[in-house]
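# Remarks on the overall topology
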Amino acid sequence: MSLHRLSLRLRQAVAQARHFHSSGSGQQLEAVTVEAEPRETRELSFFRTRESDPTCHAEVHMSQYYTLPPGHVRTLFPHGLPYRFQLQMKTFNEGCVMVRQPALELISHLKKADYSKPAVRYVLYGVNGCGKTMSLCHTLHYCYTQGWLVLHIPDAHLWVKNCKELLPSSFRPSRFDQPIEASHWLRNFKTTNEPLLAKLKTTQRYVWTKRESTEEGRTLAELVDQGVSRVRSSSDVVGALLKELRLQAGQPVEGQQGALRLAVAVDGINALWGRTSLKKEDKSVVAPEELTLIHNLRKMVKNDWTGGAIISSLSQTGSLFKPKGAFLPQELLGQDGFDSMDPFVPVPVSNYNEKEFESCYLYYIDRNWLQHPHSRTEEGRKELIFLSHKNPTIFERICASL
Amino acid sequence: MAASRGTVVGSLLLRYGNKFAGSHIVATTVGRQPVRRQICTSCCLLRKNLAAAGPEKFTEEFIKKQVEEFNIGKRHLANMMGEDPENFTQEDIDRCIRYLFPSGLFEKKARPIMKHPDEVFPRQTAIQWGQDGRPFHFLFFTGKQSYYSLMHDIYEKTLAVERHQDRLRNKSLFTQDTKQISLVGSRWLRKEELEELLVEDISDYDYARFIQLMERLLSMPYSALEEESVQHYRRQLEVQSSKQEIPPLQHDQQGAAFSTAVGRRKTATASVVLRDGGSGKVTINGKDHLQFFPVLQDREQLMFPLHFADSLGRFDVEGSVSGGGHSAQAGALRLALARCLLTFSPEGKVEHMRQAGLLTADPRVKERKKPGQAKARKKFTWKKR
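Everything quoted here is computed from the prediction, not taken from an experiment.

### Observations regarding the packing of aromatic side chains
Summed over all chains, the structure comprises 22 aromatic pairs over all chains. A ring pair is formed by Phe-292 of chain B and Phe-293 of chain B, whose centres lie 5.1 Å apart and whose planes are at 75°; its orientation type is edge-to-face. Judged by its relative accessible area of 1%, Phe-293 of chain B falls in the buried class. Among the aromatic residues, ring-to-ring pairing joins Tyr-65, Phe-92, Phe-357, Tyr-361, Tyr-363, Tyr-364, Trp-369 and Phe-395 of chain A into one connected group. Over the ring of Phe-321 of chain A we find Arg-275 of chain A; its NZ or CZ atom is 3.8 Å from the centre of that ring.

Structural data, given as structure tokens:
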């Protein structure tokens, strides 16, 4: 028993010991080591992989879980991951993401894309709860590890509903500002991209109020700080920031080899062209164009700039006034949205297949998440397949109560 | 005098008791010759008289006449419908009457029937006393003569068995392990059935005493002596599942086996096609079962028959459902699915499924709203004054 534990922890030492001790005990150790390793690697390799760099993920790693490094999680995803996934991370003390086909497809596209051409738009679509946001986050992790500047809007729907304060914009009188959302987003944006922002400079002077302005040549980090501290003008800061990034994407950056690559990731992009649930003071409905944030984001998502990619996903869950069964781009984006987004690369995301489901199931058992003894039997597994129909969200919700 | 009074009364009652219920003729019997006279009619009087007369009484001749009329009528009906009068069964009669007198009434018992008079007129006791007015049976004055005579007979049998046992003991041939009467698969007569047998009303206490006496008879080791008489008072329990209709197994063009069935629950009707050799895919009205039933409970209802038959990944289910709400639709689908599964399951499984309640159609429907109440049960606010 102790020999077994020894071999698991100090394998290298034991391997050396194997050469030195040729006595009976040494051979015993050797036997135990040989026995323990294949079992462990066999179990580990079925649903987990040690490869935590998304650049190296390939077909081999399909349906396996890779661990997100904690440092990356803190910086890259202050606001991007789904809520239930965040709870799961807290419970399991680790963030494990499954390597799935849509994410791999996206990553391969990004690897092969030509960044001197206008930015390509990718749209992830699929039924509710099939893993679009997780695939998006996986792809963003890849972009982050490649040193790209990540512009991640976690949920565009949050900007078109439940806004407590709508200020008339100082810049354009017909538009409305959303100071709280904008400043909150800027704070998270800063956490993600601090080192890069310190290197980039503004190209023009921005005047916020009579007394405040940002000169040309200041770092974008200062611009963002301006937005975070002066909440009233944060929406305009967001607009200015997006404009700057659009101009500077694809340009070389000092202190770094290669040009600046910009990854614009928008989750729930159908919010940009849908309806809002916000009302003006005279109780008339606010159109999305009348919101500064949405207006600027629409400009960002147009493919008239080079040196990056626009990765987006549709979402019915948070959408307003869209039927429950809608998941196709045509249905969720609407005519306007589809025309604006056209041309784009559609990436379908589906429910788990057999192998992925098996992997997820083993992962939950490994983490002791499925505690009911019946759920660990073959019959219980069949029941889970039937009830969840291999949909990741539903499966997770069912298992949460087991 | 008394005798003549009795017969006249008896015959009068029996002859005119029911036939002229509409007309208002009352026979007065106290002390004089009966007088037939028309009495001025008022509703309350009529009601009182009807209550006092008790259930209608029919004479034997009356019943016999009815039987003759029924047989003649049967032959007429057969000739009318062009059937063979000799082999004309009750089912044929029912069919012809349903054809000739179509009725849309919901209550089946209110529809026109033509049945043998024994089924129509309740069995009645014949006159219990003779010409001299003395009753035939020695237990007449107990009031429940058939019941008490039955108890008396059974007790006699008990005593006979005991005597037999004593004789055997005297010859020292008494053994405990003799052949016992087999009681498996049968039950005692119910109270209603006993009443029917005795043509008498008995109380619950009487019925309990009867059962007690029978059990006492059976408790004796040599009760097999009286087996036939005991079996007379027992009824066989039928195996329910033999009455279950199993949908036929069909084969489609590719040769795959499939079966279809229908289920209903509370205004929702569902029809399910169960195909063998599938992968556990479920489609309802063209949609995924996950999309159609977002609620976990409904999906669990769907899973129940398949899980019970241990065939979760074996079949492909194609269902179509309409009407009702989501729970009703799930229940209807479950019933249809269980019926489909009967085709593919062995004999013993049918009984198991029936006992699990998978094959029983849920009879609960929405209760009607009553006038004077807000809803079916909810009453308006009760004001004391």
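### With respect to the pattern of salt bridges
All names here are of chain B. Counted according to the given criterion, the structure contains 35 salt bridges over all chains. Across the pair Asp-206 and Lys-144 runs a salt bridge whose closest N-O atoms are separated by 2.6 Å. One end of the pair, Asp-206, is in helix α8 (residues 204-219); the other, Lys-144, is in the loop between α5 (117-120) and α6 (145-170), with 62 residues separating them in the sequence. The class of Lys-144 is partly exposed, set by a relative accessible area of 23%. Of the charged contacts, one joins Asp-166 and Arg-169 as a salt bridge, the two residues approaching to 3.3 Å between their closest N and O atoms.

### Regarding a nonpolar patch on the surface
All names here are of chain B. Nonpolar side chains collect at one region of the surface, where Met-80, Tyr-99, Leu-100 and Phe-101 lie side by side and expose about 480 Å² of accessible area between them. By secondary structure assignment, the location of Leu-100 is in helix α4 (residues 90-100). The class for Leu-100 is partly exposed, based on a relative accessible area of 34%.

### Some points on the pairing of strand β2 (residues 95-98) of chain A
Residue and element names in this part refer to chain A. Burial along β2 is two-sided: the residues Gly-95 and Val-97 and Cys-96 and Met-98 are all buried. Note: strand β1 (residues 65-68) against β2, 4 bridges, orientation antiparallel. Looking at the pairing, Tyr-66 lines up with Val-97 of β2.

### A look at the interface of chain A and chain B
Taken together, the 12 residues of chain A in the interface contact 16 residues of chain B. Carbon and sulfur atoms make up 67% of the area that chain A and chain B hide from each other, which totals about 1200 Å². On the chain A side of the contact with chain B, Phe-386, Leu-387 and His-389 of chain A bury the most area, a combined 55% of that side's loss. For the interface between chain A and chain B, the tally reads 0 salt bridges. Counting the contacts that link chain A with chain B gives 5 residue pairs in polar contact (both at pLDDT 80 or more). Those elements giving two or more residues to the side of chain A that touches chain B turn out to be α14 (378-388) and α15 (392-400) of chain A. In terms of residue class, the side of chain A that touches chain B is built from 4 nonpolar, 4 polar and 4 charged.

### Considerations on the packing of helix α13 (residues 354-366) of chain A against α15 of chain A
Residue and element names in this part refer to chain A. For the pair α13 and α15, the least separation of the axes is 12 Å and the interaxial angle reads 25°. Comparing the axis directions of α13 and α15 gives the class roughly parallel. The interaxial crossing formed by α13 with α15 has right-handed handedness. Residues Phe-357, Cys-360, Tyr-361 and Tyr-364 of α13 form the contact with α15, whose own contacting residues are Phe-395, Glu-396 and Cys-399. Of the residues that constitute the contact of α13 with α15, the class distribution is 6 nonpolar, no polar and 1 charged.

### As for the sheet that holds strand β8 (residues 316-322) of chain B
Residues and elements named next belong to chain B. Ordered by their spatial adjacency, 6 strands build an open sheet running β3-β4-β5-β8-β6-β7, and the pairing between neighbours is mixed. Here the strands that pair on one side only, and so sit at the sheet edges, are β3 (250-251) and β7 (287-288). Sheet topology places β3 next to strand β4 (residues 257-265); 2 bridges connect them, and they run antiparallel. Its bridge partner being in β4, His-251 is matched across the sheet by Ala-257. The sheet strands contacting helix α12 (residues 326-344) are β4, β5 (268-275), β6 (282-284) and β8, and the helix crosses β4 at an angle near 145°.

### With respect to the confidence of the model for chain B
Residues and elements named next belong to chain B. On average, residues of chain B carry a pLDDT of 84, and 85% of them reach 70 or more. Within the model, pLDDT remains below 50 along residues 1-31, and this stretch shows 30 contacts once partners closer than five positions in the same chain are excluded. Both confidence scores are given for the complex: pTM 0.71, ipTM 0.77.

Conventions used here
Residues numbered from 1 in each chain as written. Chains lettered and ligands numbered in written order. Predicted model: local features only at pLDDT ≥ 70, side-chain atom pairs only at ≥ 80, totals over all residues. Heavy atoms only, no water. Phe/Tyr/Trp six-rings, centres within 6.5 Å; stacked < 30°, edge-to-face > 60°. Buried < 20%, exposed > 50% of the residue type's maximum accessible area, 1.4 Å probe, protein only. Lys NZ or Arg CZ within 6 Å of the ring centre and 35° of its normal. Salt bridge = Lys/Arg side-chain N within 4 Å of Asp/Glu carboxyl O. Helix = DSSP H or I, 4+ residues; strand = E, 2+ residues; numbered from the N terminus. Patch = residues over 30% accessible without salt bridge, like charges linked within 9 Å, V, L, I, M, F, W, Y side chains within 5 Å. Areas by Shrake-Rupley, 256 points an atom, 1.4 Å probe, with all protein chains shown as cover. Pairing = 2+ DSSP bridges. Contact = heavy atoms within 4.5 Å. Buried area = accessible area lost by both parts, 1.4 Å probe. Polar contact = N/O pair within 3.5 Å; in protein donor to acceptor, adjacent residues only side chain to side chain. Nonpolar A, V, L, I, M, F, W, Y, C, P; charged D, E, K, R; others polar. Axes fitted to C-alpha atoms, helices over the stretch in contact; angles between N-to-C directions. Parallel < 35°, antiparallel > 145°, perpendicular 65-115°, else oblique. Left-handed = near helix turned anticlockwise from the far one by under 90°. pLDDT = per-residue confidence, 0-100.

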